[in-house]
Amino acid sequence: MPSDEQKAAHVRKTRMANYHASMRLEGFYVKEGAKMSNKKTLIRKYKKLAMKCA
């Protein structure tokens with residue numbers, strides 16, 4: 001039976017794979033080893049983008 005750490009690692013790996021697949025379906029290219037930004041950084045980035053587009 002897998003440990004909690006193994007389960008958590010599997011969930012993280014699966015989520016990242018699903019994220020990359022979703023991005024590819026939307027037409028974006030994402031490097032597999034690319035450093036992912038944290039949530040606050042992404043929110044700030046897209047708020048600035050939304051202000052420019054509005």
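Here we summarise the structure given alongside this text. What you see is a predicted model; the values in this text were computed from it and never measured.

Rules used in this analysis
Residues numbered from 1 in each chain as written. Predicted model: local features only at pLDDT ≥ 70, side-chain atom pairs only at ≥ 80, totals over all residues. Heavy atoms only, no water. Helix = DSSP H or I, 4+ residues; strand = E, 2+ residues; numbered from the N terminus. Buried < 20%, exposed > 50% of the residue type's maximum accessible area, 1.4 Å probe, protein only. Areas by Shrake-Rupley, 256 points an atom, 1.4 Å probe, with all protein chains shown as cover. Patch = residues over 30% accessible without salt bridge, like charges linked within 9 Å, V, L, I, M, F, W, Y side chains within 5 Å. Salt bridge = Lys/Arg side-chain N within 4 Å of Asp/Glu carboxyl O. Lys, Arg positive; Asp, Glu negative; His and termini not counted. Charge placed at Lys NZ, Arg CZ, Asp CG, Glu CD. Expected span 1.5 Å × (residues − 1).

What about the overall build of the chain?
Stage number 1. When you go through the chain residue by residue, the secondary structure sums to two helices and zero strands.
Stage number 2. When each of the 54 residues of the chain is scored for burial, the buried share is 4%.
Stage number 3. Accessible surface computed for the chain: about 5500 Å², of which carbon and sulfur atoms make up 60%.

Thoughts on a positive patch on the surface
Stage number 1. Positive charge collects at one region of the surface, where Lys 40, Arg 44, Lys 48 and Lys 52 lie side by side.
Stage number 2. Relative to the helices and strands, Lys 52 resides in helix α2 (residues 39-53).

Observations concerning helix α1 (residues 4-25)
Stage number 1. With 22 residues, α1 should cover 32 Å at 1.5 Å per step; its first-to-last C-alpha distance of 31 Å lies within 8% of that length.
Stage number 2. Positioned one or two residues after α1, Gly 27 has a phi angle of 95°, which is positive.

Nothing here speaks to function; it is geometry throughout.
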